[in-house]
Amino acid sequence: MANWLNLAFQFLDSFAFIVLAAAGLAIIFGIMGVINLAHGEFILVGAYATTLAVKAVGLPLPAAMLAGAVVTAGFGLVVERTIISGAGPNWVWERLEPRLSAALPDQAAAVLPSGPLIEPLYDRLADSMVATFGLSLIMVQGARIVFGNSIDQVATPFGEVAYGAFSYSAYRLVLAGVSVALLGLVYYVFTYTDYGMRARAVIQDDRTARALGVNTERTYAATFALGSGLAGLTGALFAPVISMQPTLGSQFLVEAFVAVVVGGASVVLGTALSAAGLGAIESVFSNQYGTFFGRIALLLTAILALRFLPGGITGYIERVRKRRRRES
Amino acid sequence: MSADDADVVSDPDIRQTPAVKATGERTDTLLQTDGLVKQFGGFTAADSVDFAVEEGELRCLIGPNGAGKSTLLKLITGKHAPTEGSIYYDGTDITDFEPQDRVKRGISMKFQVPSVYNDLSVRENVRLPVQRFATGEERARRIHEAIVAAGLEGYEDVPASSLSHGQQQQLEIGMAAALDPDLLLLDEPVAGLSVEERQGIADRITRLNEEAGIAFVVIEHDTDFVAGIADEVTVLHQGDVFREGPIEEIESDPAVQKIYLGGEGE
């Protein structure tokens, strides 16, 4: 009985971790076609902002967590406007270029770029990986320079619940509940809100969305901010239970990417199904053979999924649906 | 005229149509292109096009393949930026406006290939253009009206991917009409449709034109379809306006017949 409980707890823990690690990444990848290799560092921003809000500002933990998510969403918006869409640098260049051209000799002015400086990285997978990988390096080193190799961690709330010889962190059980609630919230946002409608339309065909009056740039910016905010929330939620080091984001990257690959394009269904499947595999193998084999099983599953389900679980579901529609 | 329009007209930095400038009064011209040129590399797809649409007019745009019909519509909607020339809409120079800002001013377009959202239901497809400017009961009313205009009552919760090609064309016209436009541009709305489906689309276009007062520019090859709906026809050839007039005159024009057979016209 105790081992079944142990297994259930491990499953919930893995499920929560995978959902929270992947949600922000899945939204940004699914809607914008941007692979954010700095996703782990967005989690870092949320974790650090939460910790500093508690330690330096004195906010209570729930308020600090909210602040961590909001700060990361704001940071994401800045990243989107400068690196991903290039709107900020292009705006500056548009105003600077005529003045530079007038001030410079003709030969020098002729080599100045006349159009936008940065082409948006939407739907440019490889380019977005390079740009965000560079950003992640800058962020890790930046955090190290500013805050040092570690900062003080906040205490884990709620204590423990015990059953027989085993005890579990109550906070981790809360995280499982939060991850389910988060999936529900993301589902609601993308299914029922005006923004969700716009985002779903932009995923499928942004040209038509523009023809229908949708400001696709604003939708992309809002989506990146939302994905970043969720990454920040993940950092905030895990701030009490992980070491506050500049490299903390890397702990989330493997699960996040494996979940997105296995889940496929559908943000909510893909993340939920892959987190449930991967969580079950990881918890069973960890429970039977230890954490190391749990992770090996996770990665093997990802390799098999890439081979046999290239569109992920939701890609497979969509294929089956289409076939049924054709047959009917 | 709305307050916004008044601001625009009184703004000296915004150019106005020559007709407005000359008389100081507004004319009935809704859309006017002035020497519109579009080059793709060495190919000139639009060659100094002067094209006008009056308020509430239903004008068809015909011409052989490669005449520049779709290019002209894409220039008007902002999908393509012109190499030269200007586009005036309701007295305002919109040449540099973003596509979504043209939509807000009242220009709506249906593309050649049905561009409905397959994963969304009929209701959600129509909701997308409506939600920008309507909330609550007005939103529900407009969504219902657009579904009626598309002739898809009873299909509200059906995914667009389950509709027939003709129903998808109808849905897209409903989506474009849901934007509450003054000008609706349709690129080959009956391509690949059956005779019955063509008649259904023709009925919807004429009803929206007569009852809602929406001006239309319709690209279509089928002259029977054109004759059934259009007040005026513009023939494009080699990127420029070749002839304009009623369909009877155009159909019997030997020069028009010649360009359709691959000649140089006159």
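Residues numbered from 1 in each chain as written. Chains lettered and ligands numbered in written order. Predicted model: local features only at pLDDT ≥ 70, side-chain atom pairs only at ≥ 80, totals over all residues. Heavy atoms only, no water.

Asker: Can you help me understand the overall build of chain A in this one?
Answerer: Check the secondary structure of chain A and you find 14 helices and two strands. In terms of overall dimensions, chain A is globule-like: its C-alpha atoms have a radius of gyration of 22 Å, near the 20 Å expected for 328 residues. Based on the C-alpha atoms only, the size of chain A along its principal axes is roughly 80 × 65 × 35 Å. Looking at chain A residue by residue over its 328 residues, the buried ones come to 46%. Total accessible area on chain A stands at roughly 15700 Å², and carbon and sulfur atoms take up 67% of it. Of the charged side chains in chain A, 21 are positive and 19 negative, and the gap between their average positions amounts to 7 Å. (Helix = DSSP H or I, 4+ residues; strand = E, 2+ residues; numbered from the N terminus. Rg over C-alpha atoms; globule rule 2.2 N^0.38 Å. Buried < 20%, exposed > 50% of the residue type's maximum accessible area, 1.4 Å probe, protein only. Areas by Shrake-Rupley, 256 points an atom, 1.4 Å probe, with all protein chains shown as cover. Lys, Arg positive; Asp, Glu negative; His and termini not counted. Charge placed at Lys NZ, Arg CZ, Asp CG, Glu CD.)

Asker: Is there a simple way to think about the nonpolar core in this case?
Answerer: Within soluble globular proteins, side chains that are nonpolar tend to cluster in buried spots. One finds Met 32 and Leu 248 of chain A together with Val 126 and Leu 171 of chain B to be the most contacted residues of the largest nonpolar core, which totals 94 residues. Per element, the largest residue contribution to this core is 15 residues, and it comes from helix H1 (residues 2-32) of chain A. Residue contacts for Met 32 of chain A: discarding those within four places in its chain leaves Ile 27, Glu 80, Ile 84, Tyr 122, Asp 123, Tyr 220, Thr 223 and Phe 224 of chain A. Among the nonpolar cores identified, the runner-up in size contains 30 residues, and Leu 58, Ala 202, Phe 242 and Val 256 of chain B belong to it. (Core = buried A, V, L, I, M, F, W, Y, C linked by side-chain atoms within 4.5 Å. Contact = heavy atoms within 4.5 Å.)

Asker: Looking at this model, I keep getting lost on the environment of Asn 3 of chain A. Mind explaining?
Answerer: Here Asn 3 of chain A shows up in helix H1. In contact with Asn 3 of chain A, other than residues within four places in its own chain, are Asn 287 and Gln 288 of chain A.

Asker: Would you mind going over the sheet that holds strand E10 (residues 240-245) of chain B with me for this structure?
Answerer: The strands making up a sheet associate through hydrogen bonds between their backbones, and the pairing can be parallel or antiparallel. Residues and elements named next belong to chain B. Read from one edge to the other, the open sheet built from six strands follows the order E6-E7-E8-E3-E9-E10, with strand pairing classed as mixed. Two strands in the sheet have a free side with no partner beyond their single neighbour: strand E6 (107-110) and E10. The average angle at which neighbouring strand axes cross in this sheet is 20 degrees, direction not considered. Bridging between strand E7 (residues 183-187) and strand E8 (residues 215-219) involves five bridges; their strand directions are parallel. In the strand pairing of E8, Leu 185 is matched with Val 217. On the sheet, helix H3 (residues 69-77) packs against strand E3 (58-62), E6, E7, E8 and strand E9 (232-237) and is oriented at approximately 145 degrees with respect to E7. Along the sheet, helix H7 (residues 165-178) contacts E6 and E7; its crossing angle with E6, the most-contacted strand, is approximately 170 degrees. (Pairing = 2+ DSSP bridges. Axes fitted to C-alpha atoms, helices over the stretch in contact; angles between N-to-C directions.)

Asker: Whenever I open this one, a nonpolar patch on the surface confuses me. Can you help?
Answerer: All names here are of chain A. On the surface, a nonpolar cluster with roughly 800 Å² of combined accessible area is contributed by Val 284, Phe 285, Tyr 289, Phe 292, Phe 293, Ile 296, Leu 300 and Ile 303. Of all the secondary structure elements, the ones that give two or more residues to the nonpolar patch are helix H12 (267-289) and helix H13 (291-308). The element that contributes the greatest number of residues to the nonpolar patch is H13, accounting for five residues. Considering the arrangement of structural elements, one finds Val 284 in helix H12. (Patch = residues over 30% accessible without salt bridge, like charges linked within 9 Å, V, L, I, M, F, W, Y side chains within 5 Å. Salt bridge = Lys/Arg side-chain N within 4 Å of Asp/Glu carboxyl O.)

Asker: What is the right way to look at helix H6 (residues 136-150) of chain B in this model?
Answerer: Since the α-helix turns once every 3.6 residues, residues separated by three or four places project in the same direction. Between the first and last C-alpha of H6 of chain B there are 21 Å, a value that for 15 residues agrees with the 21 Å anticipated at 1.5 Å per step. Taken residue by residue, H6 of chain B has Arg 139, Arg 142, Ile 143, Ala 146, Ile 147, Ala 149 and Ala 150 of chain B as its buried positions. One side of H6 of chain B holds all its buried residues, which, seen down the axis, span an arc of 160 degrees. Looking at the buried residues of H6 of chain B, the elements they touch are helix H8 (194-204) of chain A together with helix H5 (122-130), H7 and helix H8 (195-211) of chain B. In the segment just after H6 of chain B, Gly 151 of chain B is the residue with positive phi, at about 70 degrees. (Expected span 1.5 Å × (residues − 1). Arc of directions from axis to C-beta.)

Asker: Help me understand the packing of aromatic side chains in this model?
Answerer: The geometry of an aromatic ring pair is captured by the separation of the ring centres together with the interplanar angle, meaning the angle of the planes. Applying the stated criterion across every chain yields a total of 13 aromatic pairs over all chains. Centre to centre, the rings of Phe 285 of chain A and Tyr 289 of chain A are 5.9 Å apart; their planes meet at 45 degrees, and the pair counts as tilted. Here Phe 285 of chain A pairs with Tyr 289 of chain A, and both are found in helix H12, just four residues apart, close to one helical turn. Aromatic rings pair up to connect Phe 17, Phe 238 and Phe 252 of chain A into one cluster. Lying over the aromatic face of Phe 242 of chain B, Arg 243 of chain B brings its terminal NZ or CZ to 4.8 Å of the ring centre. (Phe/Tyr/Trp six-rings, centres within 6.5 Å; stacked < 30°, edge-to-face > 60°. Lys NZ or Arg CZ within 6 Å of the ring centre and 35° of its normal.)

Asker: Which parts of the structure should I look at to understand the layout of surface pockets?
Answerer: Once rolled over the atoms, a probe with the size of a water molecule shows which space is left empty. The space that makes up the largest pocket amounts to roughly 1300 Å³. Secondary structure elements with two or more residues in the lining of the largest pocket: H1, helix H7 (170-192), H8, helix H11 (250-263), H12 and helix H14 (312-327) of chain A. With six residues, H14 of chain A is the largest single contributor of residues to the lining of the largest pocket. Roughly 1100 Å³ of internal volume is contained in the second largest pocket. Taken together, 41 residues make up the lining of the second largest pocket; nearest its centre are Arg 210 and Glu 217 of chain A together with Glu 98, Pro 99 and Gln 100 of chain B. Counting only elements with at least two residues in the lining of the second largest pocket, the list comes to helix H4 (87-103), helix H9 (206-211) and helix H10 (216-238) of chain A together with helix H4 (99-105) and E6 of chain B. (1 Å grid on protein atoms, 1.4 Å probe; cavity = no way out; pocket = protein on both sides within 12 Å on 5 of 7 lines; lining within 4 Å. Points joined across faces, edges and corners; volume = space filled by probe spheres on them.)

Asker: What should I look at first to understand the sheet that holds strand E4 (residues 84-89) of chain B in this one?
Answerer: Residues and elements named next belong to chain B. Reading across the sheet, the four strands line up as E2-E1-E4-E5 and stay open at both edges, with antiparallel pairing between neighbours. Here the strands that pair on one side only, and so sit at the sheet edges, are strand E2 (43-54) and strand E5 (92-93). Across two bridges, the pairing between E4 and E5 is antiparallel. When the sheet's bridge partners are listed, Tyr 89 is paired in E5 with Thr 92. Each of strand E1 (29-40), E2 and E4 is contacted by H3, which is oriented at about 115 degrees to E1, the strand it contacts most.

Asker: What should I look at first to understand the interface of chain A and chain B in this one?
Answerer: Buried accessible area, meaning the area lost when the parts come together, often serves as the stated size of an interface. On the chain B side, the residues contacting the 21 residues of chain A number 21 residues. Roughly 2000 Å² of surface becomes buried between chain A and chain B when both sides are summed, with 55% attributable to carbon and sulfur atoms. The largest per-residue losses of area from chain A upon contact with chain B belong to Met 197, Arg 207 and Leu 212 of chain A, which jointly make up 33% of the total buried on that side. In this structure, the connection of chain A to chain B is made through three salt bridges. Linking chain A with chain B are ten residue pairs in polar contact (both at pLDDT 80 or more). (Buried area = accessible area lost by both parts, 1.4 Å probe. Polar contact = N/O pair within 3.5 Å; in protein donor to acceptor, adjacent residues only side chain to side chain.)

Asker: How should the packing of H12 of chain A against H14 of chain A be read in this particular structure?
Answerer: Geometrically, a packed helix pair is captured by the angle between its two axes and the distance between the axes. All names here are of chain A. Relative orientation of the contacting elements H12 and H14 amounts to 115 degrees, with a least axis distance of 8 Å. Here H12 and H14 pass one another in a crossing that is right-handed. Across the interface between the two elements, Leu 269, Gly 270, Leu 273 and Ser 274 of H12 pack against Ile 313, Thr 314 and Ile 317 of H14. Among the residues forming the contact of H12 with H14, the class breakdown is four nonpolar, three polar and no charged. (Left-handed = near helix turned anticlockwise from the far one by under 90°. Nonpolar A, V, L, I, M, F, W, Y, C, P; charged D, E, K, R; others polar.)

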